[in-house]
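Residue-level structural notes
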Amino acid sequence: MVEQFVGTWKLTASDNFDEYMKAIGVGFATRQMGNMAKPNLVFSVSDGVISMKAQSTFKTTEISFKLNEEFDETTADDRKTKTTFTFENGKLVQKQTWDGKTTVLEREIQDGKLIAKCTMDDVVAVRTYEKEA
């Protein structure tokens, strides 16, 4: 269940994230900031509502959602998306659609680490987070 994600996670590795940001349409200056930011992800769950906060020196964003319910999200790079989270095969799957485009972010726990796979068309980025004590 989603409870395994609860806690604070620190970004420790990021692979191909610049290419992913480029693929979703993030401009050069914002990509530079996004590449330098080392965000913490903070997950909490209360009464079936999941909160996910991304904290960095660049920007802090927070969304709260219920599984399988679409909502309007303004992303860290200011895209206005229709977003739905589902829980499939142990993965927390976030699907964002905007302007006829779709990106999927899959988060799962592997060997005690949170692995986030970000996919836009044929571009895939992988970000690895470790849980803070």
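Below: a short report on this structure.

Conventions used here
Residues numbered from 1 in each chain as written. Predicted model: local features only at pLDDT ≥ 70, side-chain atom pairs only at ≥ 80, totals over all residues. Heavy atoms only, no water. Salt bridge = Lys/Arg side-chain N within 4 Å of Asp/Glu carboxyl O. Helix = DSSP H or I, 4+ residues; strand = E, 2+ residues; numbered from the N terminus. Buried < 20%, exposed > 50% of the residue type's maximum accessible area, 1.4 Å probe, protein only. Phe/Tyr/Trp six-rings, centres within 6.5 Å; stacked < 30°, edge-to-face > 60°. Axes fitted to C-alpha atoms, helices over the stretch in contact; angles between N-to-C directions. Left-handed = near helix turned anticlockwise from the far one by under 90°. Contact = heavy atoms within 4.5 Å. Nonpolar A, V, L, I, M, F, W, Y, C, P; charged D, E, K, R; others polar. Core = buried A, V, L, I, M, F, W, Y, C linked by side-chain atoms within 4.5 Å.

**Section: the pattern of salt bridges**
Tallied over the full model, the rule gives 7 salt bridges. Note that Lys113 and Glu130 form a salt bridge whose closest N and O atoms lie 3.5 Å from each other. Remark: Glu130 occurs in strand S10 (residues 123–131) and Lys113 occurs in strand S9 (residues 113–120); sequence separation between them is 17 residues. Residue classification places Lys113 among the partly exposed positions, given a relative accessible area of 33%. Accessibility expressed as a relative area gives 34% for Glu130, which makes it partly exposed.

**Regarding unusual backbone geometry**
A positive phi angle is found at Asn16, which is not glycine, with a value near 70°. As for its placement among the helices and strands, Asn16 is situated in the loop between strand S1 (7–15) and helix H1 (17–24). On the basis of relative accessibility, which here comes to 34%, the residue Asn16 falls in the partly exposed class. Non-glycine residue Asp121 carries a positive phi angle of around 55°. Mapped onto the fold, Asp121 is located in the loop between S9 and S10. Here Asp121 falls in the exposed class, since its relative accessible area comes to 66%.

**So, the packing of aromatic side chains**
Tallied over the entire structure, the rule returns 5 aromatic pairs. With 6.0 Å between their ring centres and 5° between their planes, Phe65 and Phe71 make a pair best called stacked. Judged by relative accessible area, Phe65 falls into the buried class, the value being 3%. Using a relative accessible area of 16% as the deciding quantity, one classes Phe71 as buried. Note on Phe71 and Phe85: the rings are 6.3 Å apart at their centroids and 5° apart in plane angle, and the pair reads as stacked.

**Re the packing of H1 against helix H2 (residues 28–36)**
Orientation of H1 relative to H2, taken along the N-to-C sense of each, is 145°, at an axis distance of 10 Å. You can see that H1 and H2 cross each other, and the crossing is right-handed. Residues Phe17, Asp18, Met21 and Lys22 of H1 form the contact with H2, whose own contacting residues are Arg31, Gly34 and Asn35. A per-class count over the contact of H1 with H2 returns 2 nonpolar, 2 polar and 3 charged.

**A look at the nonpolar core**
Formed by 17 residues in total, the largest nonpolar core has its most connected members in Leu41, Phe43, Met52, Phe65, Phe85, Leu114 and Tyr129. Broken down by secondary-structure element, the contributors of at least two residues to this core are S1, strand S2 (40–46), strand S3 (49–55), strand S4 (60–65) and S9. If one sorts the elements of this core by residue count, S3 sits on top with 3 residues. If near-sequence neighbours (up to four positions away) are discounted, Phe85 is found in contact with Met52, Ile63, Phe65, Lys66, Leu67, Asn68, Phe71, Leu92, Val93, Gln94 and Arg107. Residues Phe17, Trp98, Val123 and Ala125 belong to the second largest nonpolar core, which totals 11 residues.

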